[in-house]
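Geometric and topological summary
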Amino acid sequence: MEEVGRIFGDVGLGQFQLSLAHPVERGDYLTVIDEVHGKVLCQLDDLKRKSDLDLEHAGALQPTDEGAIHESLLGAARIVGYRDPQGLVKIPSIPFRPGAHVYLAEEPLIADVLGLKHHTNSGAYVGMLRNHNLKVELDINQLVQRHVSVLAKTGGGKSYLLGVLIEELLRHKVTCVIIDPHGEYGSLRVPAEKNGSNARFGVESQGFARQIQEYSPDVSLNPSAKPLTFSLRSTDPRELLVFMGLTNLKAYLAPLKQIIENVATANPDFTVQDLVRAASVGEGAVAETLHERLEYVEQTKLLGPKGTSLAELVKAGEATLINLRGVAPDVQELVVARIATTLFENRKKNKIPPLFLVIEEAHNFAPQQGTATCSRILKNIASEGRKFGLGLCAVTQRAARIDKTVLSQCNTQLILQVTNPLDLKAIAQSIEGLTPGMTDMIQSLPVGVALVTGGGYHTPLFCEIRPRATRHGGESVQIVPA
Ligand SMILES: Nc1ncnc2c1ncn2[C@@H]1O[C@H](COP(=O)(O)OP(=O)(O)OP(=O)(O)O)[C@@H](O)[C@H]1O
Ligand SMILES: [Mg+2]
């Protein structure tokens, strides 16, 4: 084992300081040999270079004096633990001795203590432990039973990572429904072009066209999708107003109810066309607006006699994309509310397989302040979904703006770079076991490195996300040709 330094000063039960003879990086794994328990895994949480050069002398420093500066490299380490004979991870109950040797940890010890398992039946391979050749696999049962959040600033790599996760879920034939506000995930059908890092990660290009189906309320904008429709009969007048784009309930709800009542009395199997016809005879500004907006709803073909059936919407072992690109925000919320409610109700009755419901831009659908039409059902799924095998995956660039009930119910967090102080605070408050050093590191994570907490692991770990097997759909738009 390669020695890197010695323990000094006051030694605690969970952490210690060390003087470093060799530079190591923050986050590196270390080993101390405990007299009773043998090799104990530790992690470098912080680093400091101390010197005897004070402010006064620094100003007058000559190049020839530089060699005379006394400096030392100090580190603060956190004890991760050792595995006891029963296989449990424990922390020694007596502090290490000052002066004890500290070594770079070897991979078998890291894998053993962290619990990194390879090729398990329930493992989703998302990447490699940072700076090591050890695969990180997340436990799919935990993901679906105990919810997931994916958090990063914009452009931090959330959609890329989610793509990796969905590839793995599809490989394991896990049923998924993905709320896709930007229409990014259709590219899961297409194999990625090869890139250099695939060999290190052992990823082969592969498309999932056979396991992807796509629906959209607006197929003229999203021609790759099949039309998503809802049954007119199960749409109440308030919901109909949302589809019509009318927010003034006071002005429009009563007259709309009247039109529906008149039409339904004459023909219980009425269509939107019947409503348009009935509205056309009305007089005055309100009637004209209702007529015009009902014509618009008729054109969207969103409300039909039957609506997209559950059997069409959820197919075992496949991913259904709900492409909401170009759809008005309030209609998006209503679509999410209706789909999430249908999934939850039918999951309770075991009419559909256990599934993973992904909500991209989740701060819009379950906001901390104000409400969205779908807030309540998403909060219900976050708190009760696990009992019924309905896993929620909330993806957001604003951890501070997403509902705290939803965020705190996510037991697996995949965190990429976050710099906004409010978002960092929200993350630190919702995750157990996050050290100040880790919170600090989240601010400077390079693209493609995630902090993983939960997912079957007892301690947070840094993971280099593996390349995609499919093409990434969220590429930034080029403003000027490169
Ligand atoms: N693990 C990775 N390896 C290589 N490139 C990556 C990785 N993660 C992200 N990228 C690149 O970074 C860019 C931004 O990633 P992505 O679209 O996933 O960000 P995002 O967090 O979803 O952003 P937004 O909030 O705007 O939706 C992409 O162009 C992608 O190619
Ligand atoms: Mg994205």
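Up top is the structure these notes are about.
Parameters and conventions
- Residues numbered from 1 in each chain as written.
- Chains lettered and ligands numbered in written order.
- Predicted model: local features only at pLDDT ≥ 70, side-chain atom pairs only at ≥ 80, totals over all residues.
- Heavy atoms only, no water.
- Core = buried A, V, L, I, M, F, W, Y, C linked by side-chain atoms within 4.5 Å.
- Buried < 20%, exposed > 50% of the residue type's maximum accessible area, 1.4 Å probe, protein only.
- Helix = DSSP H or I, 4+ residues; strand = E, 2+ residues; numbered from the N terminus.
- Domains from an automatic or database assignment.
- Contact = heavy atoms within 4.5 Å.
- Near = heavy atom within 4 Å.
- Polar contact = N/O pair within 3.5 Å; in protein donor to acceptor, adjacent residues only side chain to side chain.
- Areas by Shrake-Rupley, 256 points an atom, 1.4 Å probe, with all protein chains shown as cover.
- Nonpolar A, V, L, I, M, F, W, Y, C, P; charged D, E, K, R; others polar.
- Pairing = 2+ DSSP bridges.
- Phe/Tyr/Trp six-rings, centres within 6.5 Å; stacked < 30°, edge-to-face > 60°.
- Lys NZ or Arg CZ within 6 Å of the ring centre and 35° of its normal.

Some words on the nonpolar core
- With 77 residues, the main nonpolar core has Met 244, Ile 322, Ile 339, Leu 357, Ile 359 and Leu 378 as its most contacted residues.
- Here this core gets nine residues from one element, more than from any other, and that element is helix 11 (residues 329-348).
- Two domains each donate at least three residues to this core, and these are domain 2 (123-228 + 310-465) and domain 3 (237-304).
- Residues within four places of Leu 357 in sequence aside, it is in contact with Val 177, Ile 179, Ala 340, Leu 343, Ile 381, Leu 390, Gly 391, Leu 392 and Cys 393.

With respect to the site of ligand 1
- Close to ligand 1 lie 15 residues; Thr 154, Gly 155, Lys 158, Ser 159 and Tyr 160 are nearest.
- Within the contact set of ligand 1, an oxygen atom lies 2.9 Å away from a backbone nitrogen or oxygen of Gly 155.
- In this structure, Gly 156 approaches ligand 1 through a main-chain N or O atom, which is 3.2 Å from an oxygen atom.
- In the complex, 76% of the free accessible area of ligand 1, which totals 630 Å², lies under the protein chains.
- If you tally residues by element for the shell around ligand 1, the top one is helix 4 (residues 158-171), at three residues.
- Counted by class, the shell around ligand 1 contains three nonpolar, nine polar and three charged residues.

A word on the pairing of strand 1 (residues 3-8)
- Of the pairings in the sheet, the one linking strand 1 to strand 7 (residues 101-104) comprises three bridges and is antiparallel in character. Looking at strand 7, one finds that Gly 5 is bridged to Val 102.
- Pairing between strand 1 and strand 2 (residues 15-20): four bridges, direction antiparallel. Following the sheet pairing, Ile 7 is matched in strand 2 by Leu 18.
- Taken together, strand 1 and the strand that follows it, strand 2, pair antiparallel across an intervening segment of six residues, in which Gly 9 is found at a positive phi of about 70°.

With respect to helix 2 (residues 107-114)
- Turning to helix 2, its buried residues are Leu 109, Ile 110, Ala 111, Val 113 and Leu 114.
- After helix 2 finishes, the residue Gly 115 shows a positive phi value of roughly 85°.

Remarks on the packing of aromatic side chains
- What the rule picks out here adds up to three aromatic pairs.
- Here Phe 230 and Phe 243 contribute two aromatic rings whose centre-to-centre distance is 6.0 Å and whose plane-to-plane angle is 25°, an arrangement assigned as stacked. With Phe 230 in strand 14 (residues 230-231) and Phe 243 in helix 6 (residues 237-244), this pair connects stretches of sequence that are 13 residues apart.
- Take Phe 243: its relative accessible area is 3%, and that puts it in the buried class.
- Aromatic pair Phe 344 and Phe 388: ring centres 5.8 Å apart, planes at 75°, arrangement edge-to-face. In this pair, Phe 344 is assigned in helix 11 and Phe 388 in the loop between helix 13 (375-384) and strand 18 (390-396), connecting sequence segments 44 residues apart.
- Classification of Phe 388 by relative accessible area gives partly exposed; the value is 23%.
- Across the ring face of Phe 344, the terminal group of Lys 348 is positioned such that the distance to the ring centre comes to 4.4 Å.
- The ring of Phe 388 is capped by Lys 348, whose NZ or CZ atom sits 5.9 Å from the centre of that ring.

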